[in-house]
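Summary of structural features
Each chain, written out:
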Amino acid sequence: VPDYPRRRLPQHHLPLSVPVFQILLSLSDCELHGYAIIQDIRDRTEGEVQLTASTLYAAIKRLLDAGLINELETRPSGDEDDARRRYYRITSMGLDVARLETGRLERTLRMARDKKLRPRKA
Amino acid sequence: MITLYRLALGMLPAAVREQHGEQMSVVFADVVHDVRRRLGRYAACRVIVAELGALLLFAWRERRGQKPPPRIDERYLVWQSENEGGRRMFGSFLQDLRYAARTFLRRPAFFATVVLTLGLGIGAATAIASLVDATILRPLPYPGADRLVAIVEDSQRFGKAPFAAPFLRDFREHLTQYDAIAAFTSTWDVTLTGVGEAQRVPGAFVSDGLLELFGARARNGRLLTPADEQAASKVAVFSERLWDRTFGRGTPLDGQIIRINDEPLTVVGILNGDLRMPITSSILVANHQTAELWMPMALNPFASLRTVPVANIAGRLAPEATLAHAQQELERLPAALSKAYREVPADARYTAVSLAALVSEPVRKPLLALLVAVLVLLLIACANVANLMLARSASQAGELAVRAALGASRGRLMHQMMAESLLLAGAGTALGIFVASLAISAVPSLALGDLPPSATIHMNARAATIAGFAGLIVAMLVAVVTAVQSSRTAVFSMIRDGARTVEGGQGIRAALVFAEVALALVLLVSAGLLARSFWSLSRVDPGFRTDRLLASGVEMPGRRYPTPESRRAFVAQALDRIQALPGVARTAAVNRLPLGGANVLVGVEIEGQPQPEGPVSMDRRVVTDTYFSTLGIPLRSGRAFVTGDRADAADRVVIVNETVTRRFWPGGNALDRRLRFMLRGGPGPWLRVVGVVGDVRHHGLDQPVQPEVYVPYAQAAVESMVFLAQTHGDPLQLAEPMRRALQGVDPLLPVRQETPAGLVKASVAEPRLRALLFNGFGVAALLLSALGIYGVVAHAVERRTREIGVRMALGATRANILGLVLRNGMRMVMGGAAAGLVAAALVTRALRGFLFGVPALDPLTFAGVTGLLLLVAVFAILVPALRAMRLDPITALRID
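Here is a short report on the structure shown in this document. (Residues numbered from 1 in each chain as written. Chains lettered and ligands numbered in written order. Predicted model: local features only at pLDDT ≥ 70, side-chain atom pairs only at ≥ 80, totals over all residues. Heavy atoms only, no water.)

Secondary structure summary: chain A contains four helices and three strands in total. Nonlocal contacts in chain A, meaning residues at least 24 apart in sequence, comprise 58% of its contacts between residues at least 6 apart. A total accessible area of about 8,000 Å² is found for chain A, and carbon and sulfur atoms account for 50% of it. (Helix = DSSP H or I, 4+ residues; strand = E, 2+ residues; numbered from the N terminus. Contact = heavy atoms within 4.5 Å. Areas by Shrake-Rupley, 256 points an atom, 1.4 Å probe, with all protein chains shown as cover.)

Here the focus is helix 1 (residues 18-27) of chain A. Residues and elements named next belong to chain A. Where burial is concerned, most of helix 1 is hidden: seven out of the 10 residues are buried. Of all the positions in helix 1, only Val20, Phe21, Gln22, Ile23, Leu24, Ser26 and Leu27 are classed as buried. Buried residues along helix 1 sit in contact with strand 1 (32-33), helix 2 (34-44), helix 3 (53-65), strand 2 (69-71), strand 3 (87-90) and helix 4 (92-114). (Buried < 20%, exposed > 50% of the residue type's maximum accessible area, 1.4 Å probe, protein only.)

Let's shift gears to the interface of chain A and chain B. Counting residues at the interface gives 21 residues for chain A and 24 residues for chain B. With both sides pooled, the region where chain A packs onto chain B buries about 2,000 Å², and carbon together with sulfur makes up 57% of that total. In this structure, the connection of chain A to chain B is made through two salt bridges. Between Arg85 of chain A and Asp30 of chain B there is a salt bridge; the shortest N-O distance is 2.8 Å. On the surface where chain A and chain B come into contact, there are eight residue pairs in polar contact (both at pLDDT 80 or more). (Buried area = accessible area lost by both parts, 1.4 Å probe. Salt bridge = Lys/Arg side-chain N within 4 Å of Asp/Glu carboxyl O. Polar contact = N/O pair within 3.5 Å; in protein donor to acceptor, adjacent residues only side chain to side chain.)

Now for the pattern of salt bridges. Inspection of the entire model under this criterion finds 36 salt bridges over all chains. Among the ionic pairs, Arg674 of chain B bridges to Glu607 of chain B, the shortest N-O distance being 3.1 Å. You can see Arg674 of chain B sitting in strand 20 (residues 674-679) and its partner Glu607 of chain B sitting in the loop between strand 16 (601-606) and strand 17 (616-623), a full 67 residues away along the chain. We classify Arg674 of chain B as partly exposed; its relative accessible area is 32%. Judged by its relative accessible area of 36%, Glu607 of chain B is partly exposed. When salt bridges with common partners are traced through the structure, they connect Arg42 and Asp43 of chain A together with Asp34, Arg37 and Arg38 of chain B into a single cluster.

Here the focus is helix 9 (residues 240-247) of chain B. All names here are of chain B. Across the eight residues that make up helix 9, a large majority, six, are buried. Of the residues making up helix 9, those classed as buried are Glu240, Leu242, Trp243, Asp244, Thr246 and Phe247. Directly beyond the C-terminal end of helix 9, a positive phi value near 95 degrees is found at Gly248.

Attention now goes to the sheet that holds strand 3 of chain A. All names here are of chain A. In spatial order, the strands read 1-3-2; together these three strands make up an open sheet with antiparallel pairing. Strand pairing shows two members of the sheet lacking a second neighbour, strand 1 and strand 2, which therefore form its edges. Strand direction decides the pairing type here: strand 2 and strand 3, joined by three bridges, are antiparallel. If you follow Asn70 over to strand 3, its bridge partner there is Arg89. Set on the sheet, helix 3 makes contact with strand 2 and strand 3; between it and strand 2 the angle comes to about 100 degrees. (Pairing = 2+ DSSP bridges. Axes fitted to C-alpha atoms, helices over the stretch in contact; angles between N-to-C directions.)

Here we take up unusual backbone geometry. The amide bond that connects Leu14 of chain A to the next residue, Pro15 of chain A, takes the cis arrangement and shows omega of -10 degrees. Checked against the element boundaries, Pro15 of chain A lands in the segment before helix 1. Positive phi, normally seen in glycine, also occurs at Asn261 of chain B, with a value near 50 degrees. Turning to its location among the elements, Asn261 of chain B is positioned in the loop between strand 9 (257-260) and strand 10 (263-271).

All names here are of chain B. Overall, the coordinates contain 18 aromatic pairs over all chains when judged by the stated rule. Ring centres 6.3 Å apart and planes at 45 degrees place the aromatic pair Phe628 and Phe641 in the tilted group. Remark: Phe641 occurs in the loop between strand 18 (635-638) and strand 19 (653-657) and Phe628 occurs in helix 17 (residues 627-631); sequence separation between them is 13 residues. The residues Phe628 and Phe641 share a single accessibility class, namely buried. (Phe/Tyr/Trp six-rings, centres within 6.5 Å; stacked < 30°, edge-to-face > 60°.)

Following the sequence through the fold, Arg84 of chain A ends up in the loop between strand 2 and strand 3. When its relative accessible area of 46% is taken as the criterion, Arg84 of chain A is described as partly exposed. Beyond its immediate chain neighbours, meaning those up to four positions away, Arg84 of chain A contacts Gln23 and Val26 of chain B.

For the rest of this paragraph, the subject is the packing of helix 22 (residues 801-809) of chain B against helix 23 (residues 814-843) of chain B. All names here are of chain B. For the pair helix 22 and helix 23, interaxial distance at closest approach is 10 Å and the crossing angle is 145 degrees. You can see that helix 22 and helix 23 cross each other, and the crossing is right-handed. Every residue of helix 23 that contacts helix 22 at Ile804, Arg807 and Met808 is listed here: Arg814, Ile817 and Leu820. Residues belonging to the contact of helix 22 with helix 23 are distributed by class as follows: four nonpolar, no polar and two charged. (Left-handed = near helix turned anticlockwise from the far one by under 90°. Nonpolar A, V, L, I, M, F, W, Y, C, P; charged D, E, K, R; others polar.)

Here you go:
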């Protein structure tokens, strides 16, 4: 039975689950707190991906354990900032993973296009 | 909800909870709040369910992931294949489920029994819990419902009573703790004419601001204003439904004039939707409909009187005010008001109560009793399922031992059992939701009486959530009991001994049966008492005949029938026409039907018996000459009314019931004594008693008979009359001819029809329903405990097969064996029954309020029900006992 190493290379994380990839996307250009991540994902996907608190933190825990995101020690300034909330930031490893996943998805998409698959118009 | 989620977070491993728990509950609150605001309550409930599911999964993975890597040998187990990485954990859970499903499919009888037991238990509990939730726990469907209060007078005679209409002005003037105060009457049936066919419509008089207080908005036009109130404007507001029904959907509001009780009113507004009033019935008028038409309070005939309590007062507390402050302020009010008005006693007590509490008060106790009963039933069902699972795990022990020997860790086997419990509970919950939805759709037909307006009960997310939680709790209970039990199993010793079943578990299982029997007995005793109570209630003689009678009520509005002569003419003509119908034997008329819910008490002074505490109250009914013979009310002495008792006769006469004679002229003769009514304007003329008739239970079969005075219609031509026809055949056949006969006299009068037999039935509907439900629960409990007893005894017999064989080989007769098994089984049952009897004696006290004609500790019920339980127990034990008796000693000895 292989003993899985704690530190893995970025490519070992692929493929990413939908929540995990979406969280990385949300954090790729700014630091957000938990509820803001849920809202951001909901808005970007137009409601297609709706995370619950538990799915969010199940994913966040995995991301933290794998070192793909960090928890911020100091809070970004802002009036609406709530002292109770904790903010998260993507790590360089996390960015690498997200890029790799993007590439993987692109390749997959290209394959689908080559096969003349088009999404059905809603 | 947050607290619930926090509790559920306890499923997570402590480390994860410490790191993320706080954040999770913050985000959970945000999500639920946001979804509720955007998509409504239903969506929020779905989110909560999804949250809990996701959390369960999260917790499961975390806990699995925390375990040290599995031992290599576990992989050799046949039902486990390897998976990659993280998916392995969840995959094995799915496998556990699949494996459990396969096991159950191999034993469908076992599976069906458990799921059926759980389904019925969960279904019943969910249905009742939804009912309780809808009637007691859910806020009233008004904006800011938690700040709505009712102001009532705590009177010694009537309990919580409404106020006379003019008090509204005083309250608005003196009370400072409220944003708004408004008044409304109970719902009355009014006659709506002037458009289409004449119809009876439930209507209410309301002060300005009342509709707004309950969150109503106008779809078209406007609501009632202070100006309407001041000018007593002749206007009305329609509910949307009434408008659509009367004028047709889409008809624009254009100052339409309708006639209410023949009074022309202008429709000035249509509500957006309908409004359910919080209180529909009063002491005087029992009416379970909610109003569809609202008129200014000033139009109420009693609006200016300070003596007639018609106005329910409701208000919304100001944001900074509290109920306690409002109460303090109210307590000072009577003293101030009594100086201004002599009608207000200085020691009157006014109370502010939360509107929700006031409204749910009448149903709270019966519903809570039901809830407790159904939870007891659910407990019995759980005990039973645990029992079945234990029996199963005992017979499975061999298999488990083999697995353990092959290297399955104890945790692995536990997970397997958890999966089984979850699967059973899941299937049980699904069935339970189905059962509950059936039960809930039956609720409206159950006639539960005055349910508060929030009580629109249907199968919804809330009910499903309740069922889900019930199922989850059941699964956990069962899993814990089974797990504790099987973890004690010393697997290796079992394999070594070559046994296929385990010895342990009898203790727990006997305890479960003990509890089941005790709980079942408590339910059965309650059910028995309620059944006996219903039985004695239905044997009460109402005092009048109810068969082959049809009643048709009309209301003669004062404007069309302004004089007593006109009303008398209508009644005489109507009686003639009804009498002429084929199939009618006799006719009569009365102003209020017995058991019809409406009674008017009047003050009476009896000649020669001055009452220092004021006049005595008597029930007053206006009847025509033939009333007593038509209803079969026996004449005890004197005479009935005759055509000679006319309005212009100098001799004013009355007839009294036996209770009056007994109470006021004991031993003496009531005939030719005189009494008079104390009316608002002073005492009326003296009335001579010409006859005494038998008692009639006007107020309800379980209510004591009131002193009663009958007045001839000829001498008191009231506006509302109910015509009675005694028929030769089925009274309902006559419904249409009778309606036509009445409308032949006046086509503008709507007719309301009912049968006195139906009234009697309706008056006992609630105790009947209660007895039915409790007996349903009782029978279910009895069957479940019989099943439990059977299971335990059958298992014991199986376990002791070899012992029995030895005994038989040593000379024990079959009768000995039968006695042995019966004795052992009954010992367990008797213990439970004894405990149940003690518990029942304590519990039935709470039922005292629901009982009629049977004491709470009725020895007959206690003995009968215990006998029944023991009898069923004996049968449950006999089945395996007979099997033991028929054992062939040779075969028995060879077993194992």
